[in-house]
Each structure stands twice: as C-alpha cells, then as structure tokens.
Amino acid sequence: MKIFKKIALMTAALALGTVIGTTISHADSVKSELKTPDTLTIGLEGTYAPFSYRKDGKLQGFEVELGKAVAKKMGLKAKFVPTKWDSLIAGLGAKKFDVVMNNIAQTPEREKKYLFSDPYISSHFVMIVKENSSLKTLKSIKGHKFAAGVGTNNATLVKKYGGITVDDSDFASGLDMIKQGRVEGMINSREAWYVYAKKHSTKGLKMIDVSSEAKPVKIAAMFNKNSSALQKQYNQALQELQKDGTLQKLSQKYFGADITK
C-alpha cells in the first residue's frame, strides 16, 4: 500500500509540475513579446471620440478605459502611444507598441499579416453629406469625392462604390472638408457621429444610415503575427471583462447603448 501511495504522490507532483511549468512558460512567452517589461503598450489615435480622445489634455475614451481594464486583468500597466492613423499599423509592424486599439475592423486582408483579439464591439457605417446633397445611398457616390483616412474601412467602402477618396487626418477634419466644399461627403461610424453631434454643431450636415448596403463590422485589437501568447492572454482578460459586465458598462457610458454584440 505504501508503494502505491508513493507512486500516487509522485504522479500528482509530476502533474502539478507540468501545470506550473506550462503557466510559467506561458507567462514568459507573454513577457518576451512585450515592448516594455510589465507594460502593455497600446497604439491609438487619441483624436477619435468616443474611442480615444483628449479632454482637458487628458487621454480618455472607450478604448482607453478598455485598454486599462484589459492590462489590469493581465497584471500589466497600460501605456498609450497616440499616433496618426496612417502610421498606426506600420508602427505595430515596427514594434513601437504591442497592440493597436483604434476602432480596427477585422478584415481578411489584415488577417493575412496580423493577429486579432476576439471582437469587442460592432461598428455601423453612416454617410455624412451636406443637408442639400442629392447623394442618398452608397450606390450614388460613384465619381464623387469623399474624405477618408488612408487604409481605413471607410476608404475601402468609398472605392468599392466608385467614389474618389481624399485623405483626411481625423473625423473632425473630414467634416470640415465637407463644409468647405472640398469633398461631397464622408463615410464613417455611426457611433463617432452621435458622440460628435452631442458636443458640436452639425448645422448644414446630415447623417444617412447605409446599414442596408454595408453590414456592421467587428472591431478588435490587432497584434503582430509573432504575438500569439499575448493575443491569447488578452482574449482571456477580455472574456473576464465581458462576464463581469465591465465591457457592457463601458459601451453604455461612451455610446449610450450596448454595441458589444
């Protein structure tokens, strides 16, 4: 009997060692993928409310709070690196940050080069034009100039329907371009329009729902292809935030609705 007990204890010890070894190995893998030890470095624009923006000089927004919450669940500090949109993805490739959280849509083209987290919200497209514009559908924009950030889903959609893209730097500048007559409209997210309209005048502009022509897109965090351990731990943290209701609360706070499904 003593021999059997010894064997049982040895087996249990070996099993425990395997579990601990796996956990440590996984933790070491995550650390090796981080730009800075014990820190999750997050790339974002910081000029795109309600996702990330500045108020009284302080960075805030849905993805700012979500980034902090995810990092805390992972046992890391969150560090944000505000970067212009056209340099965000390139910055990720150059390892200037560990992850990009910037209303990024998970597309087949991007999946070829990058890893994505589980989606955390769905974003709906809208078309913004002048009040007296004759443009009413995406099919009607063929041959017309539309403001769009380089490499964005908005730009892809404009091109898909035959529109001509004109580069803009952020949401507000795109609206200014419409008002000034430099472009005839822009395609962007419904959520960004609602938040902007709460605090700024949209006189002379109108928003058109184009959800019947363009399906909502799934928004997720984006990682380099060699950051699989980081992606896995990020997803675990995100799942916990979904279960405890944090993600839904942040959605209600910044969008006025639960758009996490």
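Residues numbered from 1 in each chain as written. Predicted model: local features only at pLDDT ≥ 70, side-chain atom pairs only at ≥ 80, totals over all residues. Heavy atoms only, no water.

So, the overall build of the chain
Thought 1: Counting secondary structure elements, the chain contains nine helices and 14 strands.
Thought 2: A buried classification covers 47% of the 261 residues belonging to the chain.
Thought 3: Of all intrachain contacts in the chain linking residues separated by at least 6 positions in sequence, the fraction that spans at least 24 positions is 69%. (Helix = DSSP H or I, 4+ residues; strand = E, 2+ residues; numbered from the N terminus. Buried < 20%, exposed > 50% of the residue type's maximum accessible area, 1.4 Å probe, protein only. Contact = heavy atoms within 4.5 Å.)

Things to note about the confidence of the model for the chain
Do not read the predicted coordinates in detail wherever pLDDT is low.
Thought 1: Scored by pLDDT, the chain has a mean of 88; 90% of the residues are at 70 or more.
Thought 2: Low pLDDT, under 50, characterises residues 1-26; the predicted model gives this stretch three contacts beyond four residues in sequence or across chains. (pLDDT = per-residue confidence, 0-100.)

Some words on the pairing of strand 1 (residues 39-44)
Thought 1: Among the six residues in strand 1, six count as buried, and that is most of the element.
Thought 2: Alternating positions in strand 1 separate into two faces, T39, T41 and G43 on one and L40, I42 and L44 on the other, with burial throughout.
Thought 3: In this sheet, strand 4 (residues 77-82) lies alongside strand 1 in parallel orientation, the contact comprising six bridges. Bridging from a neighbouring strand, L40 pairs with A78 of strand 4.
Thought 4: Sheet topology note: the strand 1/strand 5 (residues 99-100) ladder contains two bridges and is parallel. Bridge pairing in strand 5 places G43 opposite V100. (Pairing = 2+ DSSP bridges.)

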